[in-house]
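Inside the fold
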Amino acid sequence: MKIIVTSDTFGVLPVLDRECDLFIHCGNFCPPIQLYEPLEKHIEWLDKEFAPWIKNIPAKHKIVMPGNLDLAVEFLDPNFEFYIDAIFLKAHAVTIDKMIVYGTPWTPYTEKRLNEELRLYVARNDAIFDAMLERIPPKTNILISRVAPLGILDKRGGESAGNQKMLDKVQSLPELKMNLFGFASDEGGLYSIKNNILYANANVGQLGYIGIEA
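Keep in mind that this is a model prediction, so the values were computed, not measured.

Comments concerning the pairing of strand β5 (residues 92-96)
As paired elements, β5 and strand β6 (residues 99-104) share five bridges and run antiparallel to each other. Following the sheet pairing, Thr-95 is matched in β6 by Ile-100. A loop of two residues connects β5 with β6, the two strands running antiparallel in sequence, and Asp-97 in this loop sits at a positive phi of about 50 degrees.

Things to note about the packing of aromatic side chains
The geometry of an aromatic ring pair is captured by the separation of the ring centres together with the interplanar angle, meaning the angle of the planes. Counted by the stated rule, this structure contains eight aromatic pairs. When the ring of Phe-50 is compared with that of Trp-53, the centres are 5.7 Å apart and the planes differ by 40 degrees; the resulting orientation is tilted. Here Phe-50 pairs with Trp-53, and both are found in helix α1 (residues 40-56), just three residues apart, close to one helical turn. Each member of the pair, Phe-50 as well as Trp-53, is classed as buried. Taken together through their ring pairs, the aromatic side chains of Phe-23, Phe-29, Trp-45, Phe-50, Trp-53, Phe-80, Tyr-83 and Phe-88 make up a single cluster.

Things to note about the pattern of salt bridges
Counting across every chain of the model gives six salt bridges. When the shortest N-O distance is used, the salt bridge between Arg-146 and Asp-8 registers 2.9 Å. Taken together, the residues span a long stretch of sequence, with Arg-146 in the loop between β7 (142-145) and β8 (155-156) and Asp-8 in the loop between β1 (2-6) and β2 (20-25) at a distance of 138 residues. For Arg-146, a relative accessible area of 1% corresponds to the buried category. When its relative accessible area of 5% is taken as the criterion, Asp-8 is described as buried. Note that Lys-165 and Asp-130 form a salt bridge whose closest N and O atoms lie 2.8 Å from each other. A residue pair is termed long-range when its members are at least 10 positions apart, and Lys-165 in helix α5 (residues 164-172) and Asp-130 in helix α4 (residues 126-134) qualify at 35 residues. According to the relative accessible area criterion, Lys-165 is partly exposed, its value standing at 33%.

What about α4?
Buried within α4 are the following residues: Phe-129, Met-132 and Leu-133. Summarising the axial view, the buried residues of α4 lie within an arc of 100 degrees, below the 170-degree limit, and thus occupy one face. Exposed and facing more than 90 degrees away from the buried side of α4 are Ala-127 and Glu-134. Those residues of α4 that are buried lie in contact with β6 and α5. Sitting at the head of α4, Asn-125 places a side-chain oxygen 3.1 Å from the backbone nitrogen of Ala-127.

As for unusual backbone geometry
One non-glycine residue, Asn-28, lies in positive phi territory at about 60 degrees. Within the secondary structure, Asn-28 sits in the loop between β2 and α1. For Asn-196, which is not glycine, the phi dihedral falls at a positive 70 degrees. Relative to the helices and strands, Asn-196 resides in the loop between β11 (191-194) and β12 (197-201).

Let's talk about the sheet that holds strand β13 (residues 210-213)
Taking strand neighbours across the sheet as the criterion, the five strands line up as β4-β3-β2-β1-β13 in an open arrangement whose pairing is mixed. Whereas interior strands pair on both sides, the edge strands pair on one side only; in this sheet they are β4 (87-88) and β13. Note that β1 and β2 share four bridges and pair parallel. Each residue of the ladder has a partner; that of Ile-3, found in β2, is Leu-22.

Side note on the sheet that holds β12
Across the sheet, which stays open at both edges, the six strands sit in the order β5-β6-β7-β10-β12-β11 with mixed pairing between neighbours. A single partner strand is all that each edge strand has here, and the edge strands are β5 and β11. Each strand of the sheet is rotated relative to its neighbour by a mean of 20 degrees, with strand direction disregarded. Where β7 lies against strand β10 (residues 178-181), four bridges are found, and the strand directions are parallel. Across the sheet, Ser-145 pairs through a bridge with Phe-181, a residue of β10. In this fold α5 packs onto β7, β10 and β12, with an angle of close to 165 degrees to the strand it touches most, β7.

The rules we used
- Residues numbered from 1 in each chain as written.
- Predicted model: local features only at pLDDT ≥ 70, side-chain atom pairs only at ≥ 80, totals over all residues.
- Heavy atoms only, no water.
- Pairing = 2+ DSSP bridges.
- Helix = DSSP H or I, 4+ residues; strand = E, 2+ residues; numbered from the N terminus.
- Phe/Tyr/Trp six-rings, centres within 6.5 Å; stacked < 30°, edge-to-face > 60°.
- Buried < 20%, exposed > 50% of the residue type's maximum accessible area, 1.4 Å probe, protein only.
- Salt bridge = Lys/Arg side-chain N within 4 Å of Asp/Glu carboxyl O.
- Arc of directions from axis to C-beta.
- Contact = heavy atoms within 4.5 Å.
- Polar contact = N/O pair within 3.5 Å; in protein donor to acceptor, adjacent residues only side chain to side chain.
- Axes fitted to C-alpha atoms, helices over the stretch in contact; angles between N-to-C directions.

Structure below.
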């Protein structure tokens, strides 16, 4: 299976002219939004720019997961999947070519994240994040997440931005082949294989993507 994955493009749409079996966006595709800025222009951008871009990607299957800054998506959900003509994963699974793919945009609780007004999918406490992790099916083959496992391609601003509970969960999934994530910008575009699991940080900046053979 040929996979193309990207993340954190923030309004810039990379040129994707390589054919693939599966395209995945790991979140934060909307342009940056300022406090009190009307969301109408972002909804218009999704309609006139993002949706046509997704439709023209030469992929057999396409998956989009929202990020913590994709606020405009909430105004179109639950119809967003039909709006962009792609699979929309927000804490649920889909089966593609006999592979179970699960996407979870949720990030763990921190006081800073919770107090920032322009953020989505931040767990209000540890128990909620634990519950989100419990929803990941045991037979998941490809896990798409916003947060990285602790210590694996998770540097942001020179510090680790990964999560120990995510690492524990990933290591507990017996049939997991890949964990694809964004957010941690320092090591974007890199991938690593540990214990037969491929970890890929898809935050490659606004003009790039990663190609993976599975």
